[in-house]
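Remarks on the overall topology
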Amino acid sequence: MALDPSGLLGEVYISFWIPAAVLTTALAIKLPSILKLWRDPLLRAVGGLLLFACAVFAFAAPGTIAWTNRVTGVPNIAAPWVYSLLTALSASWLLLVVHWRNGHTDRREQTRRATRWVVCVYAAVVIALWVLFALADVPVEQTRNLDTYYAGTPFMREEILLYLTAHTVACTITTRLVWNWIRTDGLDAWLRWGLRFLGIGYATNLLFSAAKFTAVVARWTGHDLDWLNANIAPSAACIAATFVAIGFIVPHAGQYLQDRWLVRRRHRELKPLARLMRTVVGSREPLALRATAELRLIRRETYIRDALLQLSRFLDEDLRGRTYEAALALGHERGRAQALAAAVTILQAVETGRHAPDGDGGTGEPDTSYLLQEIQAVSEVLRHPDEIKAVRTLAAVPAESMSTHD
């Protein structure tokens, strides 16, 4: 048994409904953008690819094959139907890479020619599959091992070779182009990971073709490697389809989760400044438990900016300038120095406003545009009271004692 791969691998089999479920999930994620931007040929190609992939695994399941044969009353008619779907899927791979590679503007005519070529060639393959099936004599139903069972049958033999060749050619071209794109500079990290999964998926599809071809050729030479056709090839197809589906899911799901995480992090990082503004407003920010993360962030930002506008009459621009110079003298880079200066100015304004007599309007009308725009940086600085204390201490030193900075 240890030396016989058919004994170890002959029991390998992955349900077709697993990749079908993952592909359906990918299609559901992409469907809103496909419907919204239907005129985009690239999105149409993606939609067609996922739709044909779902159909392939739904109709290639042994139970569905038996049902199709029984309903139509024609033995093995599910074979040309599944082969046709697989051929259409192969064409959709090529259409995807054609539109992906050529873009939308600079190579439109070349894209149209390539699209027509792919559609015409693979449509001719589909027609040939049905003609060859009509000419073949395949009376014994086979739900899992048809390719090897009829490997030597006239016309059916040619049909099997035709669909496998069409599949292999499309898969080889797509694999090569996808792996080339992975090395392209400037790609979004999530898109690059999606391409990696697509590349693995298409490369694994070549294992499907290799297993099928090997099993068929073995039958021609009088050997029995049917376990490659019945077990390894379907399992490779399932694994490949799952990777392809994940490749389409990762960029969207990853970007969505990253955006949600960034929104929640920004909301959390604004907490120190929001807490400080409570002493100005005298109340907490509006709270809605069922509000989305984006709405909670907007409410916190609005709450902080409204409080800063109330506080603006107590802001001391001279203090801000001295504090900025002090922060530079302590070795902080300019962006950090600005945030420290703003934080010190706000803290001083809060203390001044707290002890100011009623009706005291403060002094001047300072420019608060920076404070309103950079609340994130100011809030982050408030998490470091030691830095603020050091800057305030140095800013209190007479100007002639401080280092001069450009």
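Conventions and cut-offs
Residues numbered from 1 in each chain as written. Predicted model: local features only at pLDDT ≥ 70, side-chain atom pairs only at ≥ 80, totals over all residues. Heavy atoms only, no water. Salt bridge = Lys/Arg side-chain N within 4 Å of Asp/Glu carboxyl O. Helix = DSSP H or I, 4+ residues; strand = E, 2+ residues; numbered from the N terminus. Buried < 20%, exposed > 50% of the residue type's maximum accessible area, 1.4 Å probe, protein only. Expected span 1.5 Å × (residues − 1). Arc of directions from axis to C-beta. Core = buried A, V, L, I, M, F, W, Y, C linked by side-chain atoms within 4.5 Å. Contact = heavy atoms within 4.5 Å. Patch = residues over 30% accessible without salt bridge, like charges linked within 9 Å, V, L, I, M, F, W, Y side chains within 5 Å. Areas by Shrake-Rupley, 256 points an atom, 1.4 Å probe, with all protein chains shown as cover. Lys, Arg positive; Asp, Glu negative; His and termini not counted. Charge placed at Lys NZ, Arg CZ, Asp CG, Glu CD. Polar contact = N/O pair within 3.5 Å; in protein donor to acceptor, adjacent residues only side chain to side chain. Axes fitted to C-alpha atoms, helices over the stretch in contact; angles between N-to-C directions. Parallel < 35°, antiparallel > 145°, perpendicular 65-115°, else oblique. Left-handed = near helix turned anticlockwise from the far one by under 90°. Phe/Tyr/Trp six-rings, centres within 6.5 Å; stacked < 30°, edge-to-face > 60°. Lys NZ or Arg CZ within 6 Å of the ring centre and 35° of its normal. pLDDT = per-residue confidence, 0-100.

The subject of this paragraph is the pattern of salt bridges. Within this structure, the stated rule accounts for eleven salt bridges. Of the charged contacts, one joins K212 and D147 as a salt bridge, the two residues approaching to 2.9 Å between their closest N and O atoms. Linking K212 in helix α9 (residues 189-220) with D147 in helix α7 (residues 146-149), this pair joins segments that are 65 residues apart in sequence. The burial state of K212 is the same as that of D147; both residues are buried. With its nearest N and O atoms 3.7 Å apart, the salt bridge here joins E317 to R320. Residue E317 and its partner R320 are located together in helix α13 (residues 317-329), separated by three residues, close to a single helical turn. Residue E317 is classed as partly exposed on the basis of its relative accessible area of 33%. The network of salt bridges with shared partners includes R266, E301 and R305.

Taking 1.5 Å of rise per residue, the 19 residues of helix α12 (residues 293-311) would be expected to cover 27 Å, and the 27 Å separating its terminal C-alpha atoms lies within 8% of that figure. Looking at α12, one finds that the buried residues are A293, L297, R300, E301, Y303, I304, A307, L308 and L311. Buried residues along α12 cover an arc of 155 degrees about the axis, so they all sit on one side.

It is worth spelling out the nonpolar core at this point. One finds L49, F57, M156, Y202 and F248 to be the most contacted residues of the largest nonpolar core, which totals 69 residues. Elements represented by at least two residues in this core include exactly α2 (17-36), α3 (41-60), α5 (78-102), α6 (108-135), α8 (156-182), α9 and α10 (226-269). In contact with L49, other than residues within four places in its own chain, are L89, S92, W93, L96, Y202, V244 and F248. Of all hydrophobic cores here, the second largest spans 38 residues; its members include F314, A339, V344 and V391.

Turning our eyes to something else, we now look at a positive patch on the surface. Where like charges cluster on the molecular surface, the positive patch consists of R268, K271, R275, R284 and R383. For R275, the position within the fold is in helix α11 (residues 271-281). Looking at R275, the relative accessible area reads 42%, which means it is partly exposed.

Its place among the elements puts S92 in helix α5. A distance of 2.5 Å separates a polar atom in the side chain of S92 from the backbone oxygen of L89. Sequence-distant contacts of S92, that is, excluding residues within four places in its chain, are made with G48 and L49.

Viewed as axis vectors pointing N to C, α3 and α10 meet at an angle of 150 degrees, and their least axial separation amounts to 12 Å. When the interaxial angle is binned, α3 and α10 end up roughly antiparallel. As for the relative orientation of α3 and α10, their crossing is left-handed in sense. Every residue of α10 that contacts α3 at V46, L49, L50 and F57 is listed here: A237, C238, A241, V244 and F248.

The tally for this structure, following the rule as stated, stands at six aromatic pairs. Relative to Y150, the ring of Y149 has its centre 4.8 Å away and its plane inclined at 75 degrees; by these criteria the two rings are edge-to-face. When its relative accessible area of 4% is taken as the criterion, Y150 is described as buried. Summarising the aromatic geometry, the rings of F197 and F243 are spaced 6.1 Å apart at their centres and angled 20 degrees between planes, so their arrangement reads as stacked. Placement of the pair is F197 in helix α9 and F243 in helix α10, with a sequence separation of 46 residues. Overall, F197 belongs to the partly exposed group, its relative accessible area being 22%. By the ring-pair criterion, three or more aromatic residues cluster together here, those being W193, F197 and F243. Sitting over the ring of W193, R196 keeps its end group 4.6 Å from the ring centre. Directly above the aromatic system of Y256 lies the positively charged group of R260, at a separation of 4.8 Å from the ring centroid.

Below, the discussion takes up the confidence of the model for the protein. On average, residues of the protein score 84 in pLDDT, and 87% of them reach the 70 mark or higher. In this model, residues 1-13 is a region of pLDDT below 50 whose contacts with residues beyond four sequence positions or in other chains number 21 contacts.

Another point: the side chain of S312. In this structure, S312 sits in the loop between α12 and α13. A relative accessible area of 18% places S312 in the buried class. Among the polar contacts listed, one links the side chain of S312 to the backbone oxygen of L309, at a separation of 2.7 Å.

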